[in-house]
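Notes for the structure review
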Amino acid sequence: MPIVTKTLASAEDVEHAFYDAIARADLEGLMALWADDDEIACIHPGAPRLQGHAAIRESWELIFERGPVHIRPRHLHVTHNMMCAVHSVVEDVKRPDDPDWQEAHILATNVYLKTPQGWRMVLHHSSIAPGRPAEEALAAAGILH
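Residues numbered from 1 in each chain as written. Predicted model: local features only at pLDDT ≥ 70, side-chain atom pairs only at ≥ 80, totals over all residues. Heavy atoms only, no water.

1. Considerations on helix α3 (residues 53-64)
For the record, the criterion: Secondary structure is summarised from DSSP: a helix means a run of H or I of at least four residues, a strand means a run of E of at least two, and numbering begins at the N terminus for each. Working rule for helices: expected span equals 1.5 Å times residues minus one. Accessibility here uses a 1.4 Å probe with only protein chains present; expressed as a share of the type maximum, an area under 20% marks a residue as buried, one over 50% as exposed, and anything in between as partly exposed. Here the arc refers to the set of directions running from the helix axis out to each C-beta atom. Whether two residues are in contact is decided by their heavy atoms: any pair within 4.5 Å suffices.
A rise of 1.5 Å per residue sets the reference length of α3, with its 12 residues, at 16 Å; its end C-alpha atoms lie 16 Å apart and thus fit the reference within 8%. Listed as buried for α3 are H53, I56, S59, W60, I63 and F64. The arc enclosing the buried residues of α3, seen along the axis, measures out at 140°, which places them on a common side. Every exposed residue of α3 that faces more than 90 degrees away from the buried side is listed here: A54 and L62. In this fold, the buried residues of α3 make contact with α1 (11-23), α2 (27-31), β1 (41-43), β2 (50-51) and β6 (118-128).

Here it is as structure tokens:
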């Protein structure tokens, strides 16, 4: 389970750090953003629901074996209150070092919870955006994110 030394003051801080860690393939930094809770969940496009730190960590380890992934979140829609924030984004995803890899467009929902340690992620749920068949987009991507 990760130990976080920095208090994240807002859900936006966590989200920025999340995409930054992915862009640097920083597994420790990425896992430090998750809440200290066995109920955290991550769903990559076309993949089953992963629950808990161990399963989520293992999935990101496999993704980062091929290097960093550049994700540009856009079209942010935020719903929040004092203790919880839900961010719905469109992610433009690409691998910078793979000329054969084509950009994918992902719909993602990130859920953050305010904890005694600051804001932390409790859910990242992503799926292929409509526009072309999911199988074609996943095949073009070559990875789940």
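Still more to cover.
2. Regarding unusual backbone geometry
A positive phi angle is found at A25, which is not glycine, with a value near 50°. Positionally, A25 belongs in the loop between α1 and α2. Positive phi values are uncommon outside glycine, yet H75 reaches one of about 55°. Looking at where H75 falls in the secondary structure, it is placed in strand β3 (residues 70-80). Look at H75 and you get exposed, because its relative accessible area is 59%.

3. Some remarks on the nonpolar core
Keep this limit in mind: Put simply, buried Ala, Val, Leu, Ile, Met, Phe, Trp, Tyr and Cys residues joined by side-chain atoms within 4.5 Å make one nonpolar core.
F18, I22, L30, W34, I56 and W60 are the most contacted members of the largest nonpolar core, which totals 34 residues. Residue assignment for this core shows that the elements contributing at least two residues are α1, α2, α3, β4 (84-94), β5 (104-115) and β6. Among the elements that take part in this core, α1 stands out by supplying 6 residues, more than any other. In this view, F18 contacts L30, L33, W60, M121 and H124; residues no more than four positions away in its chain are not counted.

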